[in-house]
Protein chains: 2
Amino acid sequence: MNELELIRALLPILPTNASVVTGAGDDCAVLDVGLADRHLLFKTDAVVEGIHFDDQTPGHSVGHKALARCLSDIAAMGGTPLCALATIGLPRGFDPARVEAIYRGMAGLATQYDVAIVGGETTTNPERLFASIAMLGTVGQTSCLRRSGAKAGDALFVTGTLGGSRAGKHLEFEPRVREGQWLAGRGTVHAMIDLSDGLATDLRHLLEASGTGAELLAEAIPVSAEARRRSGQSGAPAPLAAALTDGEDFELLLAAAASDAVALLDAWKSAFPQLPLHCIGKITAEHGLRIRDRQGARPLDEHGYIHFA
Amino acid sequence: MNELELIRALLPILPTNASVVTGAGDDCAVLDVGLADRHLLFKTDAVVEGIHFDDQTPGHSVGHKALARCLSDIAAMGGTPLCALATIGLPRGFDPARVEAIYRGMAGLATQYDVAIVGGETTTNPERLFASIAMLGTVGQTSCLRRSGAKAGDALFVTGTLGGSRAGKHLEFEPRVREGQWLAGRGTVHAMIDLSDGLATDLRHLLEASGTGAELLAEAIPVSAEARRRSGQSGAPAPLAAALTDGEDFELLLAAAASDAVALLDAWKSAFPQLPLHCIGKITAEHGLRIRDRQGARPLDEHGYIHFA
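Residues numbered from 1 in each chain as written. Chains lettered and ligands numbered in written order. Predicted model: local features only at pLDDT ≥ 70, side-chain atom pairs only at ≥ 80, totals over all residues.

### A short note on the relation of the copies chain B and chain A
Thinking step 1. Structural alignment of chain B on chain A gives an RMSD of 0.0 Å, achieved by rotating through 180° and translating 0.0 Å along the axis. On this basis, the relationship between the two copies can be described by a two-fold rotation axis.
Thinking step 2. Comparing interface residues between copies, 100% of those in chain B also lie at the interface in chain A; the contact surface is shared. (Least-squares fit on C-alpha atoms with pLDDT ≥ 70 in both. Contact = placed C-beta atoms within 7 Å.)

Right under this line is the structure:
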């Protein structure tokens, strides 16, 4: 039994109550605490040494990444981050200067997004450092975007470029908070998710939640310069495969009304001239994930690999 | 530099914003999100294998303890818990049945207090299991109890009995949620904290936050049966020392108006006939912590040891 299967088996035993609008299974939990027109967003995310960063990663980058991952989840709902708690597990013989750098990395990014860090704790984790962030945000009750709203015929869009994040972007990425709010405010976006596990996997999460399928256009998928550069190296995936399956892009993937597709792209260019938005395919009533290139449409398997007939 | 010194050095760099009523340094952060008469409470707490439990501890108890520790912090503010996220770090070769038991332990206690578990995540922590809980609650804006409100002349009270928790209570304790709400609603309680690090240490936190001192009455401190039983064993502390310095009692310590002391004890007996409440001393204008026995009043040092003249 892997982690994902375990979590799926455990979901039914988790208690709920009247405050829960959306529980486990979206980028954030959504809570009604009695505010007139907003809901709360609630999220935790942990990074562990040797898994999400290593002992050579600058402390500032560890802190930035830990906080940015939670901000990316708030962004994926169209929300506004509010405050965070930081839990740091300290290994034996930890270096206080490294821990201070982690806090400074978190604090710098938090300041940029007007997020208060209201406490947390340090505990002992003898073999390796870990940093877990708990974050609260708010979102308009009617503008909150979930994974579950995609409709057949919707156009699929992605921000930025994909693939090769582990070469450096995963430590320095800018969470798409303002972009997520802008998209949520447009009124024609039906579903959104942030890309943490790779386009093929995260799109599948959105499709499962929405009860739909999708067809991607291979030529439209924006491959990052880093994924192209690395594709020449031995053992590195082809650029398109990297864009489909590399994790930690932390871009936004969204499904919007096809009727708004052209106007949305135009308005985006004015609002965010530095960051590309690409239409990469469409939502289909037929379940499953397919990719279309010059040879036609073929299924994309669970691991993002294209099945050649 | 130890953990506490490190945290104190880092507190000034943590950003704040308009939502923060009370940031780092109390049992929970207190947030104003625009509710008419309530504030939000926000807290995280982690337990780590080999530190807070061991590999023989039943999974159910690990889950119970992890959630109960956060509930105890909500209780210490007089709050009502609302929902939680659970972050579980899984070691190599984890036993799915043990992880399920942890979730069942959390879910059982959460159900008792109408707390929703709205998600979380599992991640990898190769050498040992850890479980971190993030919790949200609410509290009346005017009834919220902090560590900082104690006044000279206040009477000091503690719920339950103290010491010897590591023999078993630390895994099974009942968080004092209803008791905390009752105390907050009385209107004469000025400051409260939950006992996680031991009476001597946690009282010192309350005194520092309040800018006061205190005098404890040695004979009035309720020593648990377990602390008395263990005191006969070689190397075990004397019963009073155990009650002062053993951690993880998870009882409530509070300072209340002396004029209400007798009435408070009477009303408590009717409200909570199963759980003792003891008056154990008083708040003093003079700083420092003293303990009075038949030989007079003497200072209690930072580690809870009584200085004999």
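### Quick notes on the nonpolar core
Thinking step 1. The biggest cluster of nonpolar side chains holds 194 residues, and the ones touching the most others in it are F42, A84 and A131 of chain A together with F42, A84 and A131 of chain B.
Thinking step 2. Those residues within four positions of A131 of chain B in sequence are excluded, and the remaining contacts are A46, V47, V62, A66, A86, I88 and I102 of chain B. (Core = buried A, V, L, I, M, F, W, Y, C linked by C-beta atoms within 7 Å. Buried ≥ 20, exposed ≤ 12 C-beta atoms within 10 Å, placed from the backbone.)

### Describing the interface of chain B and chain A
Often, the extent of an interface is quoted as the loss of accessible area on bringing the components together.
Thinking step 1. Opposite the 58 residues of chain B that make contact, chain A presents 58 residues.
Thinking step 2. Contributions of two or more residues to the side of chain B that touches chain A are made by helix 1 (3-10), strand 2 (29-31), strand 3 (38-48), strand 4 (80-90), helix 3 (96-112), strand 5 (116-124) and strand 6 (130-140) of chain B.
Thinking step 3. Ranked by residue count, the leading element in the side of chain B that touches chain A is strand 5 of chain B, at nine residues.
Thinking step 4. Considering only residue class, the side of chain B that touches chain A consists of 33 nonpolar, 18 polar and seven charged. (Helix = DSSP H or I, 4+ residues; strand = E, 2+ residues; numbered from the N terminus. Nonpolar A, V, L, I, M, F, W, Y, C, P; charged D, E, K, R; others polar.)

### Things to note about the packing of helix 2 (residues 59-76) of chain B against helix 3 of chain B
Residues and elements named next belong to chain B.
Thinking step 1. Running from N to C, helix 2 and helix 3 point in directions that differ by 45°, and their axes come no closer than 6 Å. In terms of their interaxial angle, helix 2 and helix 3 are classed as oblique. When the axes of helix 2 and helix 3 are compared, the crossing they make is right-handed. The residues of helix 3 that touch helix 2, namely those facing G59, H60, S61, V62, G63, H64, A66, L67 and A68, are R98, V99, A101, I102, Y103, R104, G105, M106, L109 and A110. (Axes fitted to C-alpha atoms, helices over the stretch in contact; angles between N-to-C directions. Parallel < 35°, antiparallel > 145°, perpendicular 65-115°, else oblique. Left-handed = near helix turned anticlockwise from the far one by under 90°.)

### Examining the sheet that holds strand 10 (residues 252-256) of chain A
Residue and element names in this part refer to chain A.
Thinking step 1. Within the open sheet, the seven strands sit side by side as 8-10-7-11-9-12-13. Their pairing is mixed. Either end of the sheet is taken by a strand with one partner, and the two such strands are strand 8 (189-194) and strand 13 (296-299). The mean inter-strand angle of the sheet, taken between neighbouring strand axes irrespective of direction, is 25°.
Thinking step 2. Strand direction decides the pairing type here: strand 12 (residues 289-293) and strand 13, joined by four bridges, are antiparallel. In the strand pairing of strand 13, R290 is matched with P299.
Thinking step 3. Here helix 5 (residues 177-186) sits on the sheet in contact with strand 7 (155-159), strand 8 and strand 10, set at roughly 160° to strand 8.
Thinking step 4. On top of the sheet, helix 6 (residues 199-210) reaches strand 8, strand 9 (213-217), strand 10 and strand 12; it is set at about 140° to strand 8, its chief contact. (Pairing = 2+ DSSP bridges.)

### A word on helix 6 of chain A
The α-helix winds at 3.6 residues per turn, so residues separated by three or four positions along the chain end up facing the same way.
Residues and elements named next belong to chain A.
Thinking step 1. The end-to-end C-alpha separation of helix 6 is 16 Å, in line with the 16 Å expected for twelve residues at 1.5 Å each.
Thinking step 2. Of the positions making up helix 6, those classed as buried are L199, A200, D202, L203, R204, L206, L207 and S210.
Thinking step 3. Where the residues of helix 6 are buried, they touch strand 8, strand 9, helix 8 (239-245), strand 10 and strand 12.
Thinking step 4. Trailing helix 6 by a residue or two, G211 shows a phi angle of about 70°, which is positive. (Expected span 1.5 Å × (residues − 1).)

### Topic: the sheet that holds strand 13 (residues 296-299) of chain B
Residue and element names in this part refer to chain B.
Thinking step 1. The seven strands lie next to each other as 8-10-7-11-9-12-13, forming an open sheet whose pairing is mixed. Of all strands in the sheet, those with a lone pairing partner are strand 8 (189-194) and strand 13, marking the two edges. The average undirected angle you get between the axes of adjacent strands in this sheet is 25°.
Thinking step 2. Two strands pair when backbone bridges link them, and strand 7 (residues 155-159) and strand 11 (residues 277-284) are joined in this way by five bridges, in the antiparallel orientation.

### Observations regarding the domain arrangement of chain A
Residues and elements named next belong to chain A.
Thinking step 1. Each assigned domain of chain A is listed with its residue range as follows: domain 1 (20-140) and domain 2 (147-299).
Thinking step 2. Taking only C-alpha atoms into account, the centre of domain 1 sits 24 Å from that of domain 2.
Thinking step 3. Secondary-structure elements contributing two or more residues to the side of domain 1 that touches domain 2 are helix 2 (59-76) and strand 4 (80-90).
Thinking step 4. It is helix 2 that contributes the most residues to the side of domain 1 that touches domain 2, ten residues altogether.
Thinking step 5. Here the residues of the side of domain 1 that touches domain 2 sort into eight nonpolar, six polar and four charged. (Domains from an automatic or database assignment.)

### A few points about unusual backbone geometry
Thinking step 1. Unlike most non-glycine residues, E248 of chain A shows phi in positive territory, near 60°.
Thinking step 2. Considering the arrangement of structural elements, one finds E248 of chain A in the loop between helix 8 and strand 10.
Thinking step 3. The phi torsion at F250 of chain B lies on the positive side, around 55°, for a residue other than glycine.
Thinking step 4. With respect to the helices, strands and loops of the structure, F250 of chain B is situated in the loop between helix 8 (239-245) and strand 10 (252-256).
Thinking step 5. A tally of 25 C-beta atoms within 10 Å means that F250 of chain B is categorised as buried.

### Section: the environment of H278 of chain B
Residue and element names in this part refer to chain B.
Thinking step 1. Checked against the element boundaries, H278 lands in strand 11.
Thinking step 2. H278 gets classed as partly exposed once you count the C-beta atoms within 10 Å, which come to 18.
Thinking step 3. Along the sequence, H278 and L265 sit 13 residues apart, while their C-alpha atoms lie 7.8 Å from each other.
Thinking step 4. Other than its neighbours up to four places away in sequence, H278 contacts F157, V158, A220 and P222.

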